[in-house]
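# Understanding the architecture of this molecule
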Amino acid sequence: MNNKNIDCKMKEIYFDIEPVQIENNVKESINKFWFTMDLIGMQNLAMQRVFVR
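Residues numbered from 1 in each chain as written. Predicted model: local features only at pLDDT ≥ 70, side-chain atom pairs only at ≥ 80, totals over all residues. Heavy atoms only, no water.

## Remarks on the overall build of the protein
Tallying secondary structure elements over the protein gives one helix and zero strands in all. Burial statistics for the protein: of 53 residues in total, 0% are counted as buried. (Helix = DSSP H or I, 4+ residues; strand = E, 2+ residues; numbered from the N terminus. Buried < 20%, exposed > 50% of the residue type's maximum accessible area, 1.4 Å probe, protein only.)

## Some points on the packing of aromatic side chains
All told, the structure shown has one aromatic pair when counted by the stated rule. Here the aromatic rings of F33 and W34 are separated by 4.9 Å at their centres, their planes lie at 75°, and the arrangement is edge-to-face. Overall, the relative accessible area of 57% leaves W34 in the exposed class. (Phe/Tyr/Trp six-rings, centres within 6.5 Å; stacked < 30°, edge-to-face > 60°.)

## As for a nonpolar patch on the surface
A contiguous nonpolar patch, built from V20, I22, V26, I30, F33, W34, M37 and I40 and spanning about 800 Å² of accessible area, is present on the exposed surface. Mapping V20 onto the fold places it in the segment before α1 (24-52). Its relative accessible area of 72% is what places V20 among the exposed residues. (Patch = residues over 30% accessible without salt bridge, like charges linked within 9 Å, V, L, I, M, F, W, Y side chains within 5 Å. Areas by Shrake-Rupley, 256 points an atom, 1.4 Å probe, with all protein chains shown as cover. Salt bridge = Lys/Arg side-chain N within 4 Å of Asp/Glu carboxyl O.)

Here's what the structure looks like:
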């Protein structure tokens with residue numbers, strides 16, 4: 001049986017903290033996404049009410 005020595009040195013990585021900058025087009029796309037999800041949810045609820053009755 002052969003023994004093999006493994007180099008186990010750990011590297012430490014440090015990151016500088018920077019505030020996240022959200023651009024206007026990203027904000028618009030986020031708002032559009034949630035608006036669309038809200039519409040889909042309302043349509044789903046309306047369809048459930050129609051089919052349950």
